[in-house]
Every structure is written in structure tokens, then in C-alpha cells.
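# Coordinate inspection notes
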Amino acid sequence: MRKIAYVSFVCIFSLIVTHLSAQQPVVTIPDSTYDQLKSSNQLNPAVHYSIINTNSGGHHHLTAPMVPKASNCACYTPHDASWTLAMPPNDDGSTVNLPIPFTFCLYGNNYNSLWINNNGNVTFDIAYGVYSAVGFPSASYVMVAPFWADVDTRGIGEVWYKMTPTAVYVNWEGVGYYDSYTDKINTFSLIITDGNDPVIGVGNNVAFCYQDMQWTTGDASNGVNGFGGVPATVGCNKGDAVAFVQFGRFDSPGTAYFGPYATNNGVSWLDNQSFVFNACNSTNISPVLANGVSLCDTITGCALDTLIDTLNFLSPEAGQITTLSAISGSPDFSVLSITNGNTASIVYRIVATTPGTISFTITATDDGIPVQSVNYTFTVEVTPNSTPDPILIGDTVVCPGVFPVLQVSNDIYDSYSWSNGSTLVSTTALVPGTYLVEATLNGCPKWDSIVVVAVPGPVVTVPDTLSCLGLGVNYNAISPDNIVQYNWSFTGGAPGTSTNSTELVTYAAPGTYPVSLTVTNEFGCTTTVNLNHTVLQSTNADFGVYPICISRFTFDPLPGTADSLWVIDWYMGNGTSFLNTDTSYFNYIFPEPGLYNVSMVVDNGLGCNDSIVHQVQVVDTISIQMPNVLKHTSTAGNQKVDLEVFKPGFNLCVEYTYTIYDRWGVKVYEAYNDPYNPDMLCNDCFAGKTDAGADLSPGVYYYIFKGNYNVQDHGYITIFD
């Protein structure tokens, strides 16, 4: 059912007696000159300016879009082809005096012509370009003002009018404010009648009708961005400083309303309002119903609906009290509360139990002289609610990144209203939660809701991303979720696909291969893991062992063991190790005789490795042969110890010391051999000389040779001339 909200306001007629009979002098000037004087604040307030419009046909002007009626009860009517443009784009302009085809009564005075003023009012004594409104009552203006403020249509908006034999319509459609601003617009209208036109109700002759109201004040009235400064005025004024009605003055955004005399009312309080009243009575005006609800023939609703609504009535005269009463013949109607006062209100409730018609009458009575009373009768037509329930379908358990579409499966309705703001038959659930749809058919709504629950997606890890050629790769999907489906893809592997949770895959050649796994959990959520698996070239570890002498060996990695990026760990079998070496050969001297298991481990640092062990035999005894004759004068024989003769079988790789003594036991020569830096050229071998290099005398000398590996020898050497 359509719910109608009503907001109270106060109409006040003042009894202050003041009268200004003198007319203002009239000065006619071009609009460009007027605008220059206005922008520089040089206009004379004691002068009435008649503005000559010089706007050319090339003027660029924005027209605001037409705004439809807020509801069936609103009195605003957009213009059509039967209307007339009142004025070209202007600021502070007016029409010529327009005859009207009936007599309009304003506080007992009858008028047959009027001026439409750009600044939101019509007048009956003269055209007015006054842009800064004054409060009512005033002795200066015979005026009906639905919204008196500094309207400027040079940037946006238009003023239209239409006349019938019994009514005049004036629309200010999407108008901007001074100085040519277009960022905010107001749309409102005035209807005046002969009092017998049913368009606003027989007995009424004035209606103020509002659409969207967005601004209050122009710059020349000290406004800033359309607000503040001199407030706009809404009301009627007889021009005798006595009779008037003022619905309010407005200088602020928002919907706050503080009464007819407050100057800081919010302009949006006027949105979609309608004020309908009789401005002819010069003694006492009947209470006025706000929002123009009396213009509605009926209020419609559906069976089983409940309507709780408020009606507000205004006492036009200051200080008057309006008293309300209600009567209905239907048990479905009840009054919840009544508040009597200058602004009176009634809160009523209708519980539409069965189809049919419910009528009720509200009587509003003031305490003026004479007492005025008015009856408002309302009819509620309750139609059977035969609308079927909407049926919502769509995924209710959704996975991360999935936005389900919720849809009314039985698409038979006139309109839809979703809790997320959508008005289509379907909507997308962007977040988890409850989604409610109201589906309306023939004005009767039904509802359905659906709860969308988000579930987490599966989490999966695949541990193997690196392997060596020739070794099978065990792919294992590990997940805390209840996985119901696995889909593997192994590019370049065997097998190429799998639906198992684990799979052993082999690769025929080194390289990098894409691997993809998609898993699905029990809720239907999927997760895909993509990775690159690297297969590394494997190695066959091997090395050669080459003896140099009794304890010194060369260890040489054989070709094919590894490339230059691999590293080798050597373990010599005696607790000595050489780690992280490259692939070049090296020498090692074992400090003791024995049988050693020498192992080589080859590793690329990424998990590929191989190893091999070779045994190395280091003997524990050796024998030597030393010369027993030296001759100083020999040039080819045994002048000095010959290298190959002196060290057969061990090539000086033994740590040894040999000493020469003369026949009296005096040491005349001694030499030491370091196996790690051996005297391979025998520069320090005994050649018949002392340690200082002097020749020894001919004779017999005694030598002692001692070294490791049980090397021991002694004997005699005879030196000849």
C-alpha cells in the first residue's frame, strides 16, 4: 500500500495595522545594465526597475529535466504543448500584465489580471523584480509567493504558465539561482482559481505545489552556494500589513522546520508538499490540510495491509487553536492520537482485514471569529491481495570471488524492490547476507527472502617443485579441506593427467615443466594451483686415484661426474674432509700408512647428488739405496747423488732427514726433506761438501738416513779426489 507522509506547518495572519499607499517610481533599463548594477550592489531599493530583455537567439540555456509527480496526491503538473513560456532566460524579469479569464479573490479584493515575476511569485498591483524577499505581513506587495527568492534562469530552468476559464497555472521548472548557477535547481508551481475549480477543490482558490527544492538564496542576497543570507519567503500578502499567510522562511539545506516565523527552515521540507487553501476570506480562513491530500479521491491498499499515517492541519491565523475529530463506520479504522493546536495533527491506523471500502472523515475546527470548520473525507479501497508469493532462486552457499545471481523465478510482477536497491527481476549478491525482495502485482506486494552464506575456498599445497633426472616425482596435494575432486595436469610428464590426490610422475629430460592442480571441496568451491617443476641433470660420481709416491696421491673427478656448477665433498677415510670443492683434481698426502676408504659426494645444491668410494693403500715400509762412492773430479759419474738413484720408489714424498759424519763422529752435513715441499731437484742432496759448501777431504764418511713409514738406513760413503 502507498504510505503518505504528512508534515505540519503553520499559517498565520497578522493583525498588525500598517499601510503603504505610495507606489515606487519606475525606471526602465536593459538587462545588461541591471545585472551590472545588481552585481555591484548599486540598485536603489526605492525604485522599481522595468527590465528590457536583450537576450539574443544565440544564448545558450540549459533546460532542467521534467520531474514527474511525487504521488497521485501532488498538485504539481509539468507543462506540455498547451502552456506558454512566460519569459525568456532572465534575472529579476517579469511578464507584461496578463489578463486572466476569471476573478481572483485575495483577502476580499478582486483581481482580473496579474504579473508573473521570475523571482517565484505573482503580483496584482505592479511587476516586481525584488530579489531579496521580505517576511509577511508587508504593506509593499500584493503578492502570492510559492517561493520568493532570487531565481535566475539565464543558466538553467524556465517559467511557464497556462490559463483555463477557471484557473491559472504557473510553473518554475528546474530554475537556478543568481548569478546564473546551475548546480542546484528548484521546481515548484502556483495554481490560482475562481474558487469553483475542482482541480484544487471547490472552496479553495490557491495551491502551492513543490517538487525537489535544492536552494534558497542567490549571491546578491548574501547567499553562499545557494544558502544563507536573506531567506526565501513562502506565503500570501494582501499589501495592507494586516492580512497575510506565511508558511515559512527558508535559508538552509535539509528538512528541519522551525515554524512560519523562523528564518532558518530547511528548504527540503518543501519537497513534494502541497498547500491548498482559500485566500479570499478576509476575516477568518478555515484550517488548511498540508500536502494536498484532499486532492486524492481514494487511498488504495491490499487486504491484510496495515496503514499508520499522520495528517497535519494548519490554523491560518496566529494564535488560533484547531481541534480535530474523526469518525468512520468501519471497525478497521482507529485513531491512535490527536494533537490540537495552532498546528494540529491526527495519527490514524487502518488494518485492512477484508477487501472492500473504508471511509473516514476528519473535522478540523478553529476558534476564530467566526468559527470556521472544514470536513475532509477519505476513502480507502482495499483490494483482494491475490498476488502469489515470489519464489527466489540462486546459489545460497558461495565461494570466494563468486557473486551469485538471485532471481524471482516466477516473473509475473509489475515491479520489484530488493533490499540492496535493485529494481530488476534479478540481482547480484555482492556480499553475504539476507536478500529480501518485494514483488508487486496490481498494487499488492508480496515478499520473499534468501540467505547467502559465504564459505572459504579450499587451501592446497603441492610440496614437490624440484627433482633430478631419473628420479620419480611424488606429487602430493595437502589440504585441510574435505577435497572431493582432484584434477592434475603434468605437461611433459608421465602420466600427463591424474585425478588422484598423489601421483608419481617421471620426466624424460631436464627442463622446466608446468604443473597445474585444481581441487574442489565439499561445497563446490575450487582452487587452482599453478607451478613450474624443474628437472635437473643428474650425475654419476666417479674419480681416479693416481699415486705420486709412497703417501702422496692425486684424486681426479672423472669426466661426466658433474659440471662446473656442482660441488664435491671429499672424505679421506681418516677423519679429514674437504667440503664444497670444485670439479678440479687435487693432491693429498696421507700422514700414516694404512687402507683408506676415500669417498666423493657430488651435489648441485638443489637436491641432486651422487657418491662413490675408492680404497687407497698406503704401505708401511720402504727400502732405499744410497751411493757409497763420491769423486770430486768426476764430471759424469757420482759427483753428486743422482736424483733417480737417490730416491727410487718414493720420489722424495717421505719426510726424512739424513746426516753425514766423518770418521771421528763429527757431523759434517745434514739435510731435511719436507714431503709437502720436496727437493725434487736434489739441490740439498749430499755432494761431498759441508753444509757451508766447502769440499770435504777424501776419506770414509758415515751416513744415517731416517724417515717416516719406517724408513731407516745407514752406511759408508768414500770420497776420492
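Just so it is clear, the structure is predicted and the values come from calculations on it, not from any experiment.

## Description of the overall build of the chain
A tally of regular secondary structure across the chain gives two helices and 51 strands. Within the chain, counting contacts between residues at least 6 apart in sequence, those at least 24 apart form 59% of the total. By element, 53% of the accessible surface of the chain is carried by carbon and sulfur atoms, the whole surface being about 32600 Å².

## What about the pairing of strand 43 (residues 577–581)?
Pairing between strand 42 (residues 567–571) and strand 43: three bridges, direction antiparallel. Across the sheet, residue W570 finds its bridge partner in strand 43, namely F578. In textbook terms, the turn of a hairpin is the stretch between consecutive antiparallel strands, and for strand 42 and strand 43 this stretch comprises five residues, one of which, G573, has a positive phi near 85°.

## Some details on the sheet that holds strand 35 (residues 493–494)
Spatially, 33-37-35 is the arrangement adopted by the three strands of the open sheet, whose pairing is antiparallel. With one partner strand each, in any of the chains shown, strand 33 (473–476) and strand 35 form the two edges of the open sheet. In the sheet, strand 35 pairs with strand 37 (residues 502–507) via two bridges, with the strands oriented antiparallel. Bridge pairing in strand 37 places G493 opposite Y507.

## A closer look at the state of the cysteines
Note: disulfide means a covalent bond formed between the sulfur atoms of two cysteine side chains. If you walk through the whole model with that rule in mind, you get three disulfides. Here C75 connects covalently by a disulfide to C209, the sulfurs 1.7 Å from one another. Between C75 and C209, the S-S torsion sits near -115°, and that sign places the bridge as left-handed. Separated by 134 residues along the polypeptide, C75 in the loop between strand 2 (48–52) and strand 3 (84–85) and C209 in strand 12 (residues 206–213) bring together distant segments of the chain.

## Section: the environment of L436
With respect to the secondary-structure elements, L436 resides in strand 30 (residues 433–441). Taking the C-alpha atoms as reference, L436 lies 8.2 Å from N420; in sequence the two are 16 residues apart. Every residue in contact with L436, bar those within four places of it in the chain, is listed here: S417, W418, S419, W447, D448 and S449.

## Some points on the pairing of strand 23 (residues 356–365)
One ladder, built from six bridges, connects strand 20 (residues 323–328) with strand 23; its direction is antiparallel. By the bridge assignment for strand 23, L324 is matched with A364. Here strand 23 runs beside strand 24 (residues 373–383); their pairing, made up of 10 bridges, is antiparallel. For T361, the partnering residue across the bridge sits in strand 24 and is T377.

## Thoughts on the pattern of salt bridges
The full count for this structure, using the stated rule, is 10 salt bridges. Between K667 and E670 there is a salt bridge; the shortest N-O distance is 3.8 Å. On the basis of relative accessible area, E670 is assigned to the partly exposed category, the value being 39%. Linked by salt bridges that have partners in common, K38, D91, D92 and D150 make up one network.

## Some details on unusual backbone geometry
Cis geometry is found at the peptide bond from Y178 to D179, where omega equals 20°. Position of D179 relative to the elements: it lies in the loop between strand 10 (167–177) and strand 11 (181–193). Here the bond from I369 into P370 is cis, since omega is -5°, no more than 30 degrees from zero. Looking at the secondary structure, you find P370 in the loop between strand 23 and strand 24. Positive phi, close to 65°, is recorded for D92, a residue that is not glycine. Looking at where D92 falls in the secondary structure, it is placed in the loop between strand 3 and strand 4 (98–106).

## A few points about empty space enclosed by the protein
Here the structure, examined in full by the defined rule, presents one cavity of 30 Å³ or more. What lines the largest cavity is a set of 13 residues, among which Y131, A149, T216, V230 and P231 lie closest to the centre. Across the lining of the largest cavity, the residue classes break down as seven nonpolar, five polar and one charged.

## Regarding the sheet that holds strand 47 (residues 629–631)
Spatially, 47-51-50-48-49 is the arrangement adopted by the five strands of the open sheet, whose pairing is mixed. Each edge of the sheet is formed by a strand with only one pairing partner; in this case those strands are strand 47 and strand 49 (667–673). Between one strand axis and the next, the sheet turns through 20° on average, direction left out of account. Sheet topology note: the strand 48 (residues 656–661)/strand 49 ladder contains six bridges and is antiparallel. Counted as the bridge partner of I660 is Y669 from strand 49.

## Observations regarding the confidence of the model for the chain
Per-residue confidence for the chain gives a mean pLDDT of 82, with 84% of residues at or over 70. Low pLDDT, under 50, characterises residues 55–72; the predicted model gives this stretch 40 contacts beyond four residues in sequence or across chains.

## Some thoughts on the environment of S599
Structurally, S599 is set in strand 45 (residues 594–603). Residues S599 and H614, spaced 15 residues apart in sequence, show a C-alpha to C-alpha distance of 6.4 Å. Ignoring any residue separated from it by four or fewer positions in sequence, one finds S599 in contact with D569, W570, Y571, I612 and V613.

## Section: the packing of aromatic side chains
The relation between two aromatic rings is expressed through the spacing of the ring centres and the mutual angle of the planes. Enumeration over the complete set of coordinates arrives at 43 aromatic pairs. Taking 4.6 Å as the distance between ring centres and 20° as the angle between the ring planes, the aromatic pair formed by F333 and F360 counts as stacked. Of this pair, F333 sits in strand 21 (residues 333–339) while F360 is found in strand 23, placing the two residues 27 residues apart along the sequence. The same class applies to F333 as to F360, namely buried. Among the aromatic residues, ring-to-ring pairing joins F543, F553, F555, W570, F578, F586, Y588, F590 and Y596 into one connected group. Looking at K38, its charged tip hangs above the ring of Y178, at a distance of 4.0 Å from the centre. Stacked on the ring of W664, the Lys or Arg R663 has its end atom at 5.3 Å from the ring centre.

## A look at the nonpolar core
Of all hydrophobic cores here, the largest spans 51 residues; its most connected members are L106, I116, V144 and F208. Contacts of I116, omitting those with residues within four sequence positions, involve M87, S94, T95, L98, N121, V122, V159, Y161, V170 and W172. Formed by 39 residues, the second largest nonpolar core is a distinct cluster that contains C468, W570, C608 and C685.

## Some points on the side chain of K238
Note on placement: K238 falls in the loop between strand 13 (232–237) and strand 14 (244–252). A polar atom in the side chain of K238 sits 3.3 Å from the backbone oxygen of Y107. Setting aside residues no more than four positions away along its own chain, K238 makes contact with Y107, N109, Y141, V142 and A243.

What counts as what
- Residues numbered from 1 in each chain as written.
- Predicted model: local features only at pLDDT ≥ 70, side-chain atom pairs only at ≥ 80, totals over all residues.
- Heavy atoms only, no water.
- Helix = DSSP H or I, 4+ residues; strand = E, 2+ residues; numbered from the N terminus.
- Contact = heavy atoms within 4.5 Å.
- Areas by Shrake-Rupley, 256 points an atom, 1.4 Å probe, with all protein chains shown as cover.
- Pairing = 2+ DSSP bridges.
- Disulfide = S-S within 2.5 Å.
- Salt bridge = Lys/Arg side-chain N within 4 Å of Asp/Glu carboxyl O.
- Buried < 20%, exposed > 50% of the residue type's maximum accessible area, 1.4 Å probe, protein only.
- 1 Å grid on protein atoms, 1.4 Å probe; cavity = no way out; pocket = protein on both sides within 12 Å on 5 of 7 lines; lining within 4 Å.
- Points joined across faces, edges and corners; volume = space filled by probe spheres on them.
- Nonpolar A, V, L, I, M, F, W, Y, C, P; charged D, E, K, R; others polar.
- Axes fitted to C-alpha atoms, helices over the stretch in contact; angles between N-to-C directions.
- pLDDT = per-residue confidence, 0-100.
- Phe/Tyr/Trp six-rings, centres within 6.5 Å; stacked < 30°, edge-to-face > 60°.
- Lys NZ or Arg CZ within 6 Å of the ring centre and 35° of its normal.
- Core = buried A, V, L, I, M, F, W, Y, C linked by side-chain atoms within 4.5 Å.
- Polar contact = N/O pair within 3.5 Å; in protein donor to acceptor, adjacent residues only side chain to side chain.

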